[in-house]
Amino acid sequence: MKLLFTCLALLFTNLILGQLSREFSENSFHLNSIDSLDQIIAKNNRNTDAFLARSFHKSKIGDYEGAIIDLDSVLAINTWDYMALSSRADYKSYIGDFEGAMSDYESTLKLNADFIPAYYGRIILLIQNDFFDEAKNDLDIVVAKDPEDFTSFYRRAECFNLLGNYKRAYEDYFKSLELQPDFKEAIHGKGLLLYKIGSFDEALTTLNDLQKMDSEFEVISVSLCKGYSRIQKGQYAKAIHEFRQVLIVDSINAKALNNIGSAFYFLQSFDSALFYMDQAIVIDPSYPQAYSKRADVKHQLGRLNSAILDANKAIELDSTNWSFYNNRAIIKVKLTDFDGAIKDLTKAFEVEPSQVEVLKSRAYIHNENENFVEYKKDMDLYFKLKYSSPVFNEK
């Protein structure tokens, strides 16, 4: 056994040394190239090819500022060199110069409106900075210029997804896969979208197909999504299996641990649920869902004061989640803090007006308090929104 560990250690060491050797060799190549180009430029400081080459080698060793300076020299000589301008935009984006990069991409496309790499560079930058509408507009242009480019449909689908336009997102994922059926990123995106819109069976089928194609592709997000889908379908034991697949890859994944706890909660194994949620919170003390769910577990175990503390912490970490207020209201009812429960349900409805069931819960509390006027108001509003409003009838 000792010999086996020694051999494994040597193998691991050799792999690391081999990687370091390759990286050192690549860096040496770029540094030597830069030295050679320095001499060429020293003899002729108007040699744009030399400046372009040196900027490339500088970028490869992470010297983006130096690469930008070389491209400045190129553009001072040839102001019409849109490829140099686009490359400078890329490097500016790498160092966080958003405005400078956007200006260079704009100038590039004025010189050559068909230069697709500039659109892609700008699209990536826009997405990274949460300008999804603008990114989607650029993708519309790219798709129109090259309707056979499956990656453009995929990227646009991602933008639609982030913008909440799930119908258009699905259409673009579908088009991307129509053009390239084995495009794993699009299959992955489609599977996650199907879960998001509540098509759990289709999500599981899509993600299972992806795992058959490549069992190592995005293991964590795929297994998490499959686990979430299993919970929604009431397949709690299978959900636990999916989340444990995540832990094989990442043993301290707080989401997996918390959701194993959630599955045990639904199985009414509250002590087991608490065990996993405790671990999730130790790993990520700023994980609001874990506190809210642990509050539910403690409520079931009769530890109401501790449950309230967890519910408070969840809201402290995220005051925009209606369910956190709803969960705390349930605990407050158990503690006979009816006024506090009504306040929490009122806040839950303010945060998310589409959750009309909150009004019915609040009405029941008013009824218990024999406040029949408020009870009638809440029930009237509940029925009006649930059965009269077209917004709610769409669901």
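Calculation notes
Residues numbered from 1 in each chain as written. Predicted model: local features only at pLDDT ≥ 70, side-chain atom pairs only at ≥ 80, totals over all residues. Heavy atoms only, no water. Core = buried A, V, L, I, M, F, W, Y, C linked by side-chain atoms within 4.5 Å. Buried < 20%, exposed > 50% of the residue type's maximum accessible area, 1.4 Å probe, protein only. Contact = heavy atoms within 4.5 Å. pLDDT = per-residue confidence, 0-100. Disulfide = S-S within 2.5 Å. Phe/Tyr/Trp six-rings, centres within 6.5 Å; stacked < 30°, edge-to-face > 60°. Helix = DSSP H or I, 4+ residues; strand = E, 2+ residues; numbered from the N terminus. 1 Å grid on protein atoms, 1.4 Å probe; cavity = no way out; pocket = protein on both sides within 12 Å on 5 of 7 lines; lining within 4 Å. Points joined across faces, edges and corners; volume = space filled by probe spheres on them. Nonpolar A, V, L, I, M, F, W, Y, C, P; charged D, E, K, R; others polar.

As for the nonpolar core
Phe243, Ala256, Ile260, Phe264, Ala273 and Val297 are the most contacted members of the largest nonpolar core, which has 43 residues in total. Beyond its immediate chain neighbours, meaning those up to four positions away, Phe264 contacts Ile240, Arg244, Ser269, Ser272, Ala273 and Tyr276.

As for the confidence of the model for the protein chain
Caution applies to low-pLDDT regions: their predicted coordinates should not be interpreted in detail. For the protein chain, the average pLDDT comes to 90, and 92% of its residues sit at 70 or higher. Scored below 50 in pLDDT, residues 1–18 shows 0 contacts in the model against residues more than four places distant or in partner chains. Here residues 390–395 is modelled with pLDDT under 50, and outside its nearest four sequence neighbours on either side it reaches 9 contacts, counting other chains as well.

Quick notes on the state of the cysteines
Taken as a whole and judged by the stated rule, the model has 0 disulfides. Cysteine Cys159 remains unbridged, with the sulfur of Cys225 as its closest cysteine sulfur at 20 Å. For Cys159, a relative accessible area of 0% translates into the label buried.

Regarding the packing of aromatic side chains
One pass over the structure, following the stated rule, counts 18 aromatic pairs. For the pair Tyr154 and Tyr173, a centre-to-centre distance of 6.3 Å together with 45° between the ring planes defines the contact as tilted. Taken together, the residues Tyr154 in helix α8 (residues 150–163) and Tyr173 in helix α9 (residues 166–179) connect sequence positions 19 residues apart. This pair shows no difference in class: Tyr154 is buried, exactly as Tyr173 is. Ring centres of Tyr154 and Phe183 lie 5.3 Å apart, and the angle between their planes is 80°; this geometry places the pair in the edge-to-face category. Here Tyr154 is found in helix α8, whereas its partner Phe183 is found in the loop between α9 and α10 (184–196), with 29 residues between them in sequence. The burial state of Tyr154 is the same as that of Phe183; both residues are buried. In this structure an aromatic cluster arises from ring pairing among Phe150, Tyr154, Tyr173 and Phe183.

Considerations on the layout of surface pockets
As a volume, the largest pocket reaches approximately 760 Å³. Together, 20 residues line the largest pocket, and Gln232, Gln289, Lys293, Asn321 and Ser323 are the ones closest to its centre. Residue assignment for the lining of the largest pocket shows that the elements contributing at least two residues are α12 (219–232), α14 (254–266), α16 (288–300) and α18 (322–334). Tallied by class, residues from the lining of the largest pocket come to 9 nonpolar, 9 polar and 2 charged. Empty space within the second largest pocket amounts to approximately 220 Å³. If you trace the second largest pocket, you find 15 residues lining it, with Asn161, His188, Gly189, Leu192 and Lys196 closest to the centre.

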